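Here are the chains, one letter per residue:
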Amino acid sequence: MKKKKQQLINSIAEPYRNTADPQCEFFGSCGGCLFQDISYENQLLLKKDYLNGIFKDVLEIENVHPSIEYGYRNRMDYVAAFGKRGLRKRGFFKEVIDITKCPLLQNESSKVWQEARQISENLNDYNFIVHKGILRYIVLRQSYFKKETMCNFVLNEYNDECVQALEKINADSKSIIIHSGLADLSFGEVERNIKNGFITEEFDGIKFRIYPNSFFQSNSECALNVYRKIADASFGNLLDLYCGVGSISLFAAQKAEQVTGVEIVQEAVNAANENKELNNIINTEFICADALDYMKTKRNQFDCVVLDPPRSGVHPKVYKYLSELNPKRIIYMSCNPSAFKEEIQYLPDYKISSFEAFDMFPQTPHIETLAVLDRK
Ligand SMILES: C[S@@+](CC[C@H](N)C(=O)[O-])C[C@H]1O[C@@H](n2cnc3c(N)ncnc32)[C@H](O)[C@@H]1O
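All values derive from a computational prediction rather than experimental measurement.

Focus: the site of the ligand
Residues in contact with the ligand amount to 17 residues; listed here are only the nearest, Gln217, Tyr227, Glu263, Ala291 and Asp308. A distance of 2.8 Å separates a nitrogen atom of the ligand from a polar atom in the backbone of Ala291. Isolated, the ligand exposes 600 Å² of accessible area, and the fraction of that covered by the protein chains is 85%. For the shell around the ligand, a count of residues per class yields eleven nonpolar, three polar and three charged.

As for the pattern of salt bridges
Scanning all chains against the criterion turns up 17 salt bridges. In this structure, Asp77 and Arg75 form a salt bridge, with 2.8 Å as the shortest nitrogen-oxygen distance. Of the charged contacts in the structure, one is a salt bridge between Asp184 and Arg88, with a shortest N-O distance of 2.6 Å. Pair noted here: Asp184 is in the loop between strand E7 (173–178) and strand E8 (189–195) and Arg88 is in strand E3 (residues 84–89), with a separation of 96 residues, a long-range link. What makes Asp184 partly exposed here is its relative accessible area of 30%.

Observations concerning the nonpolar core
In a soluble, globular protein the nonpolar side chains are often hidden away together inside. In this structure, Tyr78, Cys151, Phe153 and Ile230 are the most contacted members of the largest nonpolar core, which totals 75 residues. The element best represented in this core is helix H5 (residues 220–233), accounting for eight residues. Residues in contact with Tyr78, not counting those within four places in the same chain, are Gly86, Leu87, Ile99, Cys102, Leu105, Trp113, Arg136, Tyr137, Ile138 and Leu140.

A short note on the pairing of strand E10 (residues 206–210)
Alternating positions in E10 separate cleanly, Ile206, Phe208 and Ile210 being buried on one face and Lys207 and Arg209 remaining unburied on the opposite face. As consecutive antiparallel partners, strand E9 (residues 199–203) and E10 are separated by two residues, and within that stretch Asp204 has a phi angle of approximately 45°, a positive value.

Notes on the packing of aromatic side chains
One pass over the structure, following the stated rule, counts 15 aromatic pairs. Taken together, a centroid distance of 6.0 Å and an interplanar angle of 45° make the contact between Phe55 and Phe340 tilted. You can see Phe55 sitting in the loop between helix H2 (40–54) and strand E1 (64–65) and its partner Phe340 sitting in helix H10 (residues 337–343), a full 285 residues away along the chain. Across the pair, exposure class does not vary: Phe55 and Phe340 are buried alike.

Comments concerning the sheet that holds strand E5 (residues 135–142)
An order of E4-E3-E2-E5-E6-E7-E8 is seen for the seven strands of this open sheet, with the pairing classed as mixed. Only two strands of the sheet have a single partner each, and these edge strands are strand E4 (92–98) and E8. Taking each pair of neighbouring strands and ignoring which way they run, the sheet shows an average axis angle of 30°. Sheet strands in contact with helix H3 (residues 107–120) are strand E2 (75–81), E3, E4, E5 and strand E6 (149–155), and its direction is about 160° off that of E5.

Thresholds applied
- Residues numbered from 1 in each chain as written.
- Predicted model: local features only at pLDDT ≥ 70, side-chain atom pairs only at ≥ 80, totals over all residues.
- Heavy atoms only, no water.
- Near = heavy atom within 4 Å.
- Polar contact = N/O pair within 3.5 Å; in protein donor to acceptor, adjacent residues only side chain to side chain.
- Areas by Shrake-Rupley, 256 points an atom, 1.4 Å probe, with all protein chains shown as cover.
- Nonpolar A, V, L, I, M, F, W, Y, C, P; charged D, E, K, R; others polar.
- Salt bridge = Lys/Arg side-chain N within 4 Å of Asp/Glu carboxyl O.
- Helix = DSSP H or I, 4+ residues; strand = E, 2+ residues; numbered from the N terminus.
- Buried < 20%, exposed > 50% of the residue type's maximum accessible area, 1.4 Å probe, protein only.
- Core = buried A, V, L, I, M, F, W, Y, C linked by side-chain atoms within 4.5 Å.
- Contact = heavy atoms within 4.5 Å.
- Pairing = 2+ DSSP bridges.
- Phe/Tyr/Trp six-rings, centres within 6.5 Å; stacked < 30°, edge-to-face > 60°.
- Axes fitted to C-alpha atoms, helices over the stretch in contact; angles between N-to-C directions.

Keep in mind these numbers describe shape, not what the thing actually does.
Given below as structure tokens:
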């Protein structure tokens, strides 16, 4: 998180501190979450204050939709380094603290973590300062509604001992991922699936396969609430830019006539097509392209555009083509409200018809918003 944003959040959070007992023994030393000493009611209030500060000359929100306070996370990327297995120390990116249990992670994958920690104890881990060693990350994932678990080892290079260790872990899907670059990443090339290679999530009867490298929303309970609202606001010919594994596209396909999903990662597009087949959905197509390149050359007319960009937001040039496209409605799902606020300037021909905030990330300063903008 940027230093300025961190300072702003700290100052808003200050009056609410010490209104709850942290549930995690590592709270304070772990960099993972910052709000466990604030009661959940107060977390929602301070997130409301934070958003009303950002949007003060544009709109006012009355409440933030709550979610599950603990045990909501679909994913945790545990670092393996310096003989430790855990998360980064608060304020010290180069230090790792041993984490036996994270209360944000869902129950079933927490059990997998207990096992993975023990089994990986003696494996040669990766020193990310001198760039030597093998095991870099242990990634736990889980589908909230289907309760399927995934455990992946991210290795600097292929290693038999690590494969044998992963074989012993009890999870529904297990994969060896190789990332040998210097960049500190918890994804890479899937070298080998030891079991399955995917897990399945289900939203209101629609199934999604999640692969080791695929993005999927971190909090399924909250994401489903947002998706239902997106589907309710969808109509006609719909474009879903930044579609990932097609979860919004396939969900909105119930309400829209035709859906086109655009995504830059080929593995995600393959998964989106598989998800389409899995659900027998015929009014949707997926295209692998950079959002900007697609917008430059698009041939279709769209009534409605869904934007769910990465944290950095939508590139200003995409707006140039979006305004030429001139859809009746833009539905913007954002995990970065400040970026969305900045981007409103590129949409002078649209008015905000509705704006809602969702607590996708309880115990942390992050927040998700959903705006529906209609052509004036
Ligand atoms: C926040 S995720 C949203 C995924 C999806 N809408 C969902 O709900 O699961 C953003 C997605 O944008 C994709 N992406 C990032 N940059 C992109 C670009 N320039 N063009 C197209 N897709 C991009 C990422 O790979 C990622 O899948």
